[in-house]
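The lines below spell out each chain.
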Amino acid sequence: MQETAVPSAPPTPPVSLAALLSRADLGLRQITGPPAGEVTIHGSHTSEMSDPYPYLLGGELLLTAGVHIPEAAGRPGSFDFDGYVARIVAAGGAALGFGVAPVHDTVPAGLVAACEQHGLPLVEVPPRTTFSGVARAVWQLMARARLSELRRITEAQQGLAAAASRPDPVPSVLRRLAGRLEGRAVLYGPEGAEIAAAGREPGDEVRRALAELARFVTGHPSSTATDTVAGTRLAAYALGPGRGFVLGVAAPHRESGDHTIASVAAVLLSLLTGEHQSGTGAARSSALVRLLLGARREEVAPLLGGGEGDGAVTRWYVVHARPDTGAPDAVSASALGAALGSPLVDAADDVVRVLVPAPPRAEDGGGVRPERDGGVRPEGDGIVRPEAGAAAPRKSPAGSGPAGSGPAGSGPAAQPGWTLGVSAPVAPAEWPAADAQAARALARARATRSALVRHAERPGFADLVPPGEAEAHARALLAPIGGVPALAETLRVWLSLHGSWDRTAVALSVHRNTVRQRIARCAALLGADLDDPDVRMELWFALRHLRG
């Protein structure tokens, strides 16, 4: 037997029948049916038709004085109460309100029995209460519910937007969404694996169903899908067409406005997980293939783009970054790249590397002048860092550089929640050297607890020695410790930090006693007095020129 289709309820905020019954001025009384707290109504409608089905949209409180019911309806067979109530239920009516007087002194017993059989809430309306008064009360409650819904959505939007601006935007948005919906929020990657999640952990059945729903929206034209499993309401939102990211939401109940709140979160996550620049994916893929097939870096660099004036990018910064808390993930790394103005991001282990295009030079030889770059000063090893008390630049003035850059020519700026080491701007052929510069700058930033440290290129005495001769001398001088990389690295960091035991321990993530033991071992193997500044200087130059 084909089931009768129930019209969908109108898109208005529903109100609880219990809220209507609590109005003392109406004096309504529920006679039978489910608990009023479990019944929601979307409006009210008055009808004295013996078949009100054609006039109902669904979700209404149907009001009647029983004009169509004969006064002798108490006799068996005089009126089909069962058929009347069945048609109301089939139309999606939420409840039936029966007005006592002037036609009937009491609610007919047959109507009470039919409503009880079909599970339709039956409410008695006293003689002093008009149907228009009931309708007005319903609309007043709906207006309050609508205002409350809009206020809740606005607060949720503000909270989600604030979460998206945090250093860990994706986990923050998921946590805020899960808290608002009192459930679980999950970000699925293109392969269907969980990338990040927040909120109460659901049962295995719900977890599997939510993952299946996420896979469903990635393979169908529809961008959203809903389901209910084990009493938990599930929803999945595709984050942009063809990208494969999906937001999954599992909540124990659904309130008015939940869909809008989840949709706002989906939009924010779409921006956070999307490509920073559209239309460049194919070019970057082409650059990767050419590199794998033997092309030189300087040949494929123009394909990598760089925002405005892609073809004009001739120099690049290498940035090494570590989050201040936790470990980096693919999404937070992508967000960092977007903040720095580059989609070229590599998140490996605990360090994120970003290749950032440098703005064109006004003239040759116009490189970085750190001593004039508000709040930075040169260090003796070619690294510059913020001075004590100097605020790291957060935002470039209009026209001074790409997004995420500091003052004109200074390169990438500090980012909230991250510690950054930035190389000097170099040509593509020098990317490996810049990568080493950024690594050293990051180590210095962590040791000095600075938000950002830059490597600054400038002439020095070391440049006067031919590189080949310098490297040969360095290998000979450091040969006693060359077979133990930990000793050479500890000596290098210790010298770069001016012999500080504590800062060296922080930079190497070891105990300060370990640093003391390694330095003592180096002094013994090298037969050198490391308190002598001339010895320190010679060892430092040797370490800088040592390769391999």
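Just so we're clear, the structure is a prediction, and the values are computed from it rather than from any experiment.

Asker: A description of the overall build of the protein chain should follow, citing residues and the corresponding values.
Answerer: The secondary structure content of the protein chain amounts to 17 helices and 19 strands. Of all 548 residues assigned to the protein chain, the portion counted as buried reaches 44%. Looking at the protein chain alone, contacts between residues at least 24 apart form 63% of all its contacts between residues at least 6 apart. A total accessible area of about 27300 Å² is found for the protein chain, and carbon and sulfur atoms account for 54% of it.

Asker: Before we move on, can you summarise the sheet that holds strand β6 (residues 95-99) with the specific residues and values?
Answerer: Strand order in the open sheet formed by 5 strands is β2-β7-β6-β5-β4, with mixed pairing between adjacent strands. Edge positions in the sheet fall to β2 (29-32) and β4 (43-46), since each of these pairs with one other strand and no more. Going across the sheet, the axis of each strand differs from the next one's by a mean of 30°, ignoring polarity. When β2 meets strand β7 (residues 122-125), the two strands line up antiparallel, connected through 3 bridges. When the sheet's bridge partners are listed, Gln30 is paired in β7 with Val123. In the packing of helix α3 (residues 109-118) onto the sheet, the strands contacted are β2, β6 and β7, and the crossing angle to β2 comes to about 75°.

Asker: So, helix α11 (residues 431-448): which residues are in play, and what are the values?
Answerer: In an α-helix, one turn spans 3.6 residues; hence positions three or four apart end up facing the same way. The terminal C-alpha atoms of α11, which comprises 18 residues, lie 25 Å apart, in line with the 26 Å expected from a rise of 1.5 Å per residue. Residues Trp431, Ala434, Gln437, Ala438, Ala441, Leu442, Arg444, Ala445, Ala447 and Thr448 constitute the buried set of α11. With its phi angle positive at about 55°, Arg449 sits one or two positions after the end of α11.

Asker: Go over the nonpolar core with me, naming the residues and quoting the values.
Answerer: Judged by nonpolar contacts, the single largest core of 31 residues is most densely connected at Leu160, Val170, Val173, Leu174, Leu177, Leu247 and Leu269. Mapped onto this core, the elements with two or more residues apiece are α4 (131-164), α5 (169-181), β8 (184-188), β9 (194-199), β11 (232-238), β12 (246-251) and α7 (258-273). If one sorts the elements of this core by residue count, α7 sits on top with 8 residues. Sequence-distant contacts of Val170, that is, excluding residues within four places in its chain, are made with Leu187, Ala196, Leu269, Leu272 and Val331.

Asker: Got a sec to walk through the side chain of Thr419? Specific residues and values, please.
Answerer: On the secondary structure map, Thr419 appears in strand β18 (residues 418-422). Judged by relative accessible area, which is 13%, Thr419 ranks as buried. Of note is the side chain of Thr419, whose polar atom sits 3.0 Å from the side chain of Asp324. Among residues more than four places away in sequence, those in contact with Thr419 are His320, Ala321, Arg322, Asp324, Leu442, Ala445, Arg446, Ser450 and Ala451.

Asker: If you had to explain the packing of α11 against helix α15 (residues 501-508) to someone new, which residues and values would you point to?
Answerer: At a minimum axis separation of 8 Å, α11 and α15 run at an interaxial angle of 125°. In terms of their interaxial angle, α11 and α15 are classed as oblique. Between α11 and α15 the crossing geometry is right-handed. Taking contact as the criterion, the partners of Ala443, Arg446, Ala447 and Thr448 in α11 are, on α15, Arg503, Val506 and Ala507. Per-class residue counts for the contact of α11 with α15 are 4 nonpolar, 1 polar and 2 charged.

Asker: Describe the sheet that holds β11, with residues and values.
Answerer: Pairing is antiparallel across the open sheet formed by 5 strands, whose spatial order is β9-β8-β12-β11-β10. Because the sheet does not close on itself, it has two edges, and the strands there are β9 and β10 (224-229). Averaged over all pairs of adjacent strands, the angle between strand axes in this sheet comes to 15°, irrespective of strand direction. Where β11 and β12 come together, 6 bridges link them in antiparallel fashion. Within β12, the residue paired with Arg233 across the bridge is Ala251. Sheet strands in contact with α5 are β8, β9 and β12, and its direction is about 40° off that of β9.

Asker: Lay out the packing of helix α2 (residues 81-90) against α3 with the relevant residues and their values.
Answerer: Taken N-terminus to C-terminus, the directions of α2 and α3 make an angle of 45°; their axes are 9 Å apart at the nearest point. When the interaxial angle is binned, α2 and α3 end up oblique. Judged by the sense of rotation from one axis to the other, the crossing of α2 with α3 is right-handed. Each of Phe81, Asp82, Tyr84, Val85, Ala86 and Val89 in α2 lies in contact with α3, whose residues at this interface are Gly110, Leu111, Ala114, Cys115, Gln117 and His118. Along the lines of polarity and charge, the residues of the contact of α2 with α3 split into 8 nonpolar, 3 polar and 1 charged.

Asker: Can you tell me about the environment of Arg180, naming the residues and giving the values?
Answerer: The topology assignment puts Arg180 in helix α5. The spacing of Arg180 and Ile261 is 81 residues in sequence and 8.4 Å in space, taken between C-alpha atoms. Beyond its immediate chain neighbours, meaning those up to four positions away, Arg180 contacts Arg152, Glu155 and Ala156.

Asker: Got a sec to walk through the pairing of strand β19 (residues 452-455)? Specific residues and values, please.
Answerer: Side chains Leu452 and Arg454 of β19 all project onto a buried face; the interleaved residues Val453 and His455 project onto the opposite face, where all are buried too. At this point the chain moves from β18, through α11, to the parallel β19, and the crossover so formed is left-handed.

Asker: Mind laying out unusual backbone geometry, listing which residues take part and the relevant values?
Answerer: That bond from Ala101 to Pro102 is cis: its omega, 10°, falls within 30 degrees of zero. Within the secondary structure layout, Pro102 lies in the loop between β6 and α3. Not every positive phi belongs to a glycine, and Glu182 is a case in point at roughly 55°. Within the element layout of this structure, Glu182 appears in the loop between α5 and β8. One non-glycine residue, Ala230, lies in positive phi territory at about 55°. Mapping Ala230 onto the fold places it in the loop between β10 and β11. On the basis of relative accessibility, which here comes to 59%, the residue Ala230 falls in the exposed class.

Asker: Before we move on, could you go through the environment of Trp540 and cite the residues and values that matter?
Answerer: By secondary structure assignment, the location of Trp540 is in helix α17 (residues 533-545). Given the relative accessible area of 14%, Trp540 is considered buried. Taking C-alpha positions, Trp540 is 9.7 Å from Val493, a pair spaced 47 residues apart along the chain.

Asker: Break down the pattern of salt bridges for me, citing the residues and quoting the values.
Answerer: Evaluation of the coordinates by the stated rule reveals 16 salt bridges. The salt bridge involving Arg146 is made with Glu149; its shortest N-O contact spans 3.1 Å. Of the two residues, Arg146 and Glu149 both sit in helix α4, 3 residues apart, roughly one turn of that helix. For Arg146, a relative accessible area of 39% gives the class partly exposed. In this structure, Asp435 engages Arg353 in a salt bridge whose closest nitrogen and oxygen atoms are separated by 3.2 Å. You can see Asp435 sitting in helix α11 and its partner Arg353 sitting in strand β15 (residues 351-357), a full 82 residues away along the chain. Look at Arg353 and you get partly exposed, because its relative accessible area is 35%. The structure contains a network of salt bridges with shared partners spanning Arg184, Glu201, Asp204 and Arg207.

Parameters and conventions
Residues numbered from 1 in each chain as written. Predicted model: local features only at pLDDT ≥ 70, side-chain atom pairs only at ≥ 80, totals over all residues. Heavy atoms only, no water. Helix = DSSP H or I, 4+ residues; strand = E, 2+ residues; numbered from the N terminus. Buried < 20%, exposed > 50% of the residue type's maximum accessible area, 1.4 Å probe, protein only. Contact = heavy atoms within 4.5 Å. Areas by Shrake-Rupley, 256 points an atom, 1.4 Å probe, with all protein chains shown as cover. Pairing = 2+ DSSP bridges. Axes fitted to C-alpha atoms, helices over the stretch in contact; angles between N-to-C directions. Expected span 1.5 Å × (residues − 1). Core = buried A, V, L, I, M, F, W, Y, C linked by side-chain atoms within 4.5 Å. Polar contact = N/O pair within 3.5 Å; in protein donor to acceptor, adjacent residues only side chain to side chain. Parallel < 35°, antiparallel > 145°, perpendicular 65-115°, else oblique. Left-handed = near helix turned anticlockwise from the far one by under 90°. Nonpolar A, V, L, I, M, F, W, Y, C, P; charged D, E, K, R; others polar. Right-handed = clockwise from strand over helix to strand, strands pointing away. Salt bridge = Lys/Arg side-chain N within 4 Å of Asp/Glu carboxyl O.

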